[in-house]
Amino acid sequence: MQLIKDVINALADPRLFFLMSVAALFLLIWKREVFASNKVGYWLFGLLTAFLIFGSFDENFQKIIGKPDNVPIVGLIFLLVFFTWFSVREGVLNDRRIAAGKGPIEKEESDRVWVWPDLVYTELICLVLFSVFLIVWSILLEAPLEQPASQSATPNPSKAPWYFLGLQEMLVYFDPWLAGVVLPSLIIVGLIAIPYIDTNEKGNGYYTIAERKAEIVIFMLGFIVLWCSLIVLGTFLRGPNWNFFGPFEYWDTHKLEALINVDLSQYIWMRGFGTGMPDFWLTREIFGILLVLGYVFALPPILARTLFKTYYEKMGPSRYYVSAFLFLMMMSLPIKMLLRWVFNLKYIVSIPEFFFNI
Amino acid sequence: MADKKTVGHAYNIDFLNVVFAASSIFLLLSVFWMVWDDFDRDWKNTQRRFTSLEMQVTNQQLQLATAGVDREQLQLAQQQRAAARQAVAANGAKVDELQDVVDELDARLGLESQDYQFAKATYDVDRYAFEVRRDAGRAGPQEEEAIAAQAANVAELNLAVETTTAEREEAQAAVGKFTAQVGEAQSQIDELLTERRRLMGRITSISPSLVKTLFLDGPMTDFLAPTIKVKQVVLPDIRDDVNFMRVPKMDRCQTCHLAIDTKGYEEYPQPFRTHSNLSAYLGSDSPHPLNEIGCTVCHDGMGQSVDFTLTAHTPQNMEQEHEWEELYDWAPKHDWDYPMLPLGMAEASCVKCHREEAFVPGANVLGDAYATFERAGCYACHKVRGFEGLRKPGPSLTRLKGKLGQQWVADWIREPTAAKPATWMPQIWYNSNSSSPEDAPRNEVEISSVVTYLFENSEEFSVPSPPTPGDITAGRELVENVGCLGCHITTETDRSAAGPRRTFGQPLQGVGAKASYAWIYDWVRNPKHYSPSTFMPDLRLSEKEAADVAAYLTTLGGKATGPVTGNPDPQMVDAVLLDYLKTSMPAATAEAELASLDDHAKQLELGRRAIERYGCFSCHDIKGFENTQPIGVELSEEASKLVTRLDFAFEDIHHTKMEWFEHKLADPRSFDRGRVLEPLDRLRMPDFHLSEHENQLLRTAIMSFQRYIQPPAALPPGGARKEFLTAGRRFVQRRNCVGCHVVEGAGGDYETVVAEASLAPPLLTPEGSRVQPDWLYRFLRSPISIRPWLDVRMPTFGLDDEHWNQAISYFQAIPDAIRPFQTFEPAVASSNTATGEVLFDTLKCQQCHVLGDVPAGQPTANLAPDLRMAWERLNPEWIDDWMRVPLRIVPGTRMPGFWPNLPESDFPEFDGDGEQQIKAIREHIMTFRGGPSPKRSGN
């Protein structure tokens, strides 16, 4: 029993957790034919429920899962898994139909709209069931009220609301200016930009995967992996001092981790050249700056001629460069995470004189 | 998508119907569940249980009240009423006739009044209009006449009304002549039955009924006008600090504690028990009425909640904790910073309003707590507001050489309780974090070095050669009877049982092995010779008495000695001293410093650093540490600290402040358990070997050290009297007057060492109203014997005028009778004093009161002070009060109350006027002369 818990605790480590979610995403898309079956759906649901039941016998697990603040996130996991599975399934089914030349199922009987009783009756049933759910929830779970807030007692851990936990997790890897301002703004800008850069008319009003593979993978990567799974990580696996704690681990406020991180400039000057750090910031950070500039300005054109050639030709230069920029910004998060985990890298560019770090 | 059963549907409608039906049933059930959950609250059930209890108790009270009605009087009154009714019935016709007249007059009066009112209203309007017109110059003479006529009319109507009213009253009185008696008898009956009636009314209002159960308090309908509801008291003047505001407290404790301010429920289990001491707390005539003070200001806890666990009730001990865990699923509440104080520690909250009052009368637990706090000397290491400027609790060590030997000192500081089991000196070495085999050599060198330092830094002191040792038995008798036991214990070893007042001075066990006969003799004769700042007073012992006492004390021997001191292992000294040096300088400098010292210098340096580390200088005067800051944490607002500030380390206790304090006081080094620490990083608070009782008292004291939150409106009023009382109470506590005397209900521990209460020093609460202030001043400076049959004697304290005036103002402030000096004219011989003399003989005052000679054949409990002192000692007005009701002034006195029914008297003088008799006796007493006096012979 304890062995299983220890294994799960080890697997829940952010590095493994993140890599496993990325791997799971690619597995999902690659083996989507398998995932599309109802059997797999039931298995997923069953596994999740079994894990929940198995865990609820553990005191620490109970405390985390049972906290009234965290109960909705448990629901979020179920919903996320369900809707991902469902949309993949619908896409696969449609792809099969399209391959057989039939056209997607949504286009069948497009001359009528189901309203009564199909839409309204089911809505009524949902209303009733949802009311039951809310009533039972409000009887069983008490409002999580605590004592009056005190300036001299900061809660530990001090967590953002669940919808910002992804950003709070980013703060581990990025400077607050980037993690809190630049990247979130780019997320919003990116979302706004999607209709303008996504020129693929396929998939309009019907599920599909084969016809929109790149778009779907990018979106799922950005949403499910980089946003939702980090929310789950932040809710259940981050404890006091934003330390990592496995689902069955006791939240010890005194737990210590040796986290000494090194800047790129320190690597280059102190370890690479063996000299001290230069005084002037430009000299000091020139390598990091060049790297970043290269990433942002040099990499898109390079990719346009190599990996993303087809996209470049399809979208045209302006759309391509905008999407490439946004895509590279999105990928900077996992890249930075990997650099941190592998090299203990703190900042690629570190200019404390201007409070600017990347 | 699902299978299509019917053409044109996306779902199988039959299946949907089933789902809909099932979900609707679930909704219905969940609604029922919701209503039930609201109906079945714990507090509602508690109130339901209370209703039946209240019915029971009120019925009992009703029975008692019914039994308590004076049957005879009731019958008499009922007979009177019956007779009166008969009289009315007999004159039935006449009464009816008179009543008709009254009714007719009533009707007439009504009409006439109406006419009058109409006329007057009209007149007022017209008159005003006329005045306006006249002012504008438009009124003519006829109008003036018309107005006057109207006025006359109104006056006439008024006269009619008045006449009719008078007539009516006459007629009513005529009727009343017959019916009044019925009314009188009825009101008498009502008076006899008031209590009964009240209780019956109460029973009616609380009896359960169908309407109440089904409708008023029924599920779902109990939002309209329930009888079972939350009861709360909102206190605008008493505040809760919610960190960004201070809001009026709102206490809902009464929701379950329904009988908290009702007499009659003292024997029932919680939550229905009456509050203890209703006349002091919660009673409507107490200084803390419920609607002005609420509950949580004294008991803390979360007053807004009505759930047992969520209100943060705290169990008193482990048994109660287990009981609550089983019965109520209790667990300490995490999210409330100020949980309830356990029962018995509520007095810690007195200081919320009674600020800076070190000793609050009526709060004896708090008084004991502060007495323990002060005796243990906690304030010496831990700064606490209100306890600054007090003397150091331990004896001065600046003249150590003249009193003690090095071996004894080493044994003493290694383990004080070995020499004196009841000592207040705590254990500094060989505690739970310093008793391992590796620690022992370190401890020994530290002890040895401290001794070296102390003796090196001691002044020379020698005592004159004493007379030959006296008689040990006589000495023992003296020690046990003359009053030493008011501050010292001799053979008792239980410090907790003796209490902080009887251990105010150090325990005398082992003093013989500690100091020489010569030194003890010198000390007992004149304590200030060795220690000018000592609080030990002078007991006016003669040379022989002192020799006897010193001889006896020398027989209180000591225990076996420990390892011989004075030759510490040099390598160990080096190692330990190096550790100390490295805390304040880099390792290389430390080594150099070490090398530059010789052996003796090393020991001195190590001794100095050890004293500095362990804080010996906080309790003792030591040369070289006159200005060193004490080592303890400031405790001024310890009770307001958040629990997150306390380090629980690896100790397995609940994370509450109370448990942390208890654990810390029980073993101050326990939080080092399981940790890896350098020796000089370890905890250093010494262990006082506190008993459970002492632990609880100190926790009460700590919980009283709070941030002041309550606004001025909540505080008791100040004033000169208050200041005298506060200063005086501190004085009598901190000089241990209360070790011997009971003052304002506190102290008097000396009673435990005498055979009966009358052999103990007298009650001092009435002293202010009792004695003349100039006599008291003289007495305090140089006491005399007032009760010659007592062995115990009042010591000479040798204080200054400031202190004596503080004491005198205090005593006078107690009865709020601060008055200047007065001259009382001596009574001239008159017929009054002669009668007084006669009464003096009749009442046999001399049977008990000393008048030159102690009355023979009386047990000591009956004896009373020498009346020859009365003229210059006592206040004449007080003598009168005393003679009237002695028991009110000194409860338990044997002085008889000769006039139980003042102003009536059983004695014939002055035509049985008790007041005059009292005055005459007093005047006679005031003629006595020749008694002992502190004012004569240069005192």
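Coordinates for the structure precede this section.
Note that the structure is predicted; figures quoted are calculated from it, not measured.

The rules behind these values
Residues numbered from 1 in each chain as written. Chains lettered and ligands numbered in written order. Predicted model: local features only at pLDDT ≥ 70, side-chain atom pairs only at ≥ 80, totals over all residues. Heavy atoms only, no water. Helix = DSSP H or I, 4+ residues; strand = E, 2+ residues; numbered from the N terminus. Rg over C-alpha atoms; globule rule 2.2 N^0.38 Å. Buried < 20%, exposed > 50% of the residue type's maximum accessible area, 1.4 Å probe, protein only. Contact = heavy atoms within 4.5 Å. Areas by Shrake-Rupley, 256 points an atom, 1.4 Å probe, with all protein chains shown as cover. Lys, Arg positive; Asp, Glu negative; His and termini not counted. Charge placed at Lys NZ, Arg CZ, Asp CG, Glu CD. Buried area = accessible area lost by both parts, 1.4 Å probe. Salt bridge = Lys/Arg side-chain N within 4 Å of Asp/Glu carboxyl O. Polar contact = N/O pair within 3.5 Å; in protein donor to acceptor, adjacent residues only side chain to side chain. Nonpolar A, V, L, I, M, F, W, Y, C, P; charged D, E, K, R; others polar. Patch = residues over 30% accessible without salt bridge, like charges linked within 9 Å, V, L, I, M, F, W, Y side chains within 5 Å.

A. The overall build of chain B, seen in detail. Secondary structure summary: chain B contains 38 helices and four strands in total. For chain B, the C-alpha radius of gyration of 41 Å lies well beyond 30 Å, the compact-globule estimate for 939 residues. If one aligns the C-alpha atoms of chain B with their principal axes, the spans along those axes are about 130 × 125 × 75 Å. Looking at chain B as a whole, 45% of its 939 residues qualify as buried. A separation of at least 24 residues holds for 67% of the contacts in chain B among residues at least 6 apart in sequence. Accessible surface, chain B as shown: approximately 48,400 Å² in total, 55% of it carbon and sulfur. One finds the centroid of the 95 positive side-chain charges in chain B at a distance of 3 Å from the centroid of its 133 negative side-chain charges.

B. Main features of the interface of chain B and chain A. Across the contact, 29 residues belong to chain B and 28 residues belong to chain A. Together chain B and chain A conceal approximately 2,500 Å² of surface at their shared face, both sides included; 69% is due to carbon and sulfur atoms. Counting the contacts that link chain B with chain A gives zero salt bridges. Summed over the shared surface of chain B and chain A, the result is seven residue pairs in polar contact (both at pLDDT 80 or more). Grouping the amino acids of the side of chain B that touches chain A by side-chain chemistry returns 16 nonpolar, eight polar and five charged.

C. Expanded view of unusual backbone geometry. Backbone torsion omega between W116(A) and P117(A) reads -5 degrees, so that peptide bond is classified as cis. By the secondary structure assignment, P117(A) is in the loop between α6 (71-99) and α7 (118-140). Put simply, L902(B) and P903(B) share a cis peptide bond, and its omega is 0 degrees. Looking at the element boundaries, P903(B) is found in the loop between α36 (886-889) and α37 (909-912).

D. Just a nonpolar patch on the surface, in detail. Residue and element names in this part refer to chain A. The grouping of I187, I188, L191, I192, I194, Y196, F219 and F223 at the surface amounts to a nonpolar patch, some 800 Å² of accessible area in total. Looking at the nonpolar patch, the elements that each hand over two or more residues are α9 (176-197) and α10 (213-236). Ranked by residues supplied to the nonpolar patch, first place goes to α9 with six residues. Assignment of secondary structure puts I187 in helix α9. You can call I187 partly exposed: its relative accessible area is 35%.

E. Structural context of the environment of P467(B). All names here are of chain B. Within the secondary structure, P467 is located in the loop between α15 (439-456) and α16 (472-481). Look at P467 and you get partly exposed, because its relative accessible area is 27%. With 79 residues separating them in the primary sequence, P467 and A546 have C-alpha atoms 9.5 Å apart. Excluding residues within four positions of it along the chain, P467 makes contact with Y517, Y521, E543 and A547.

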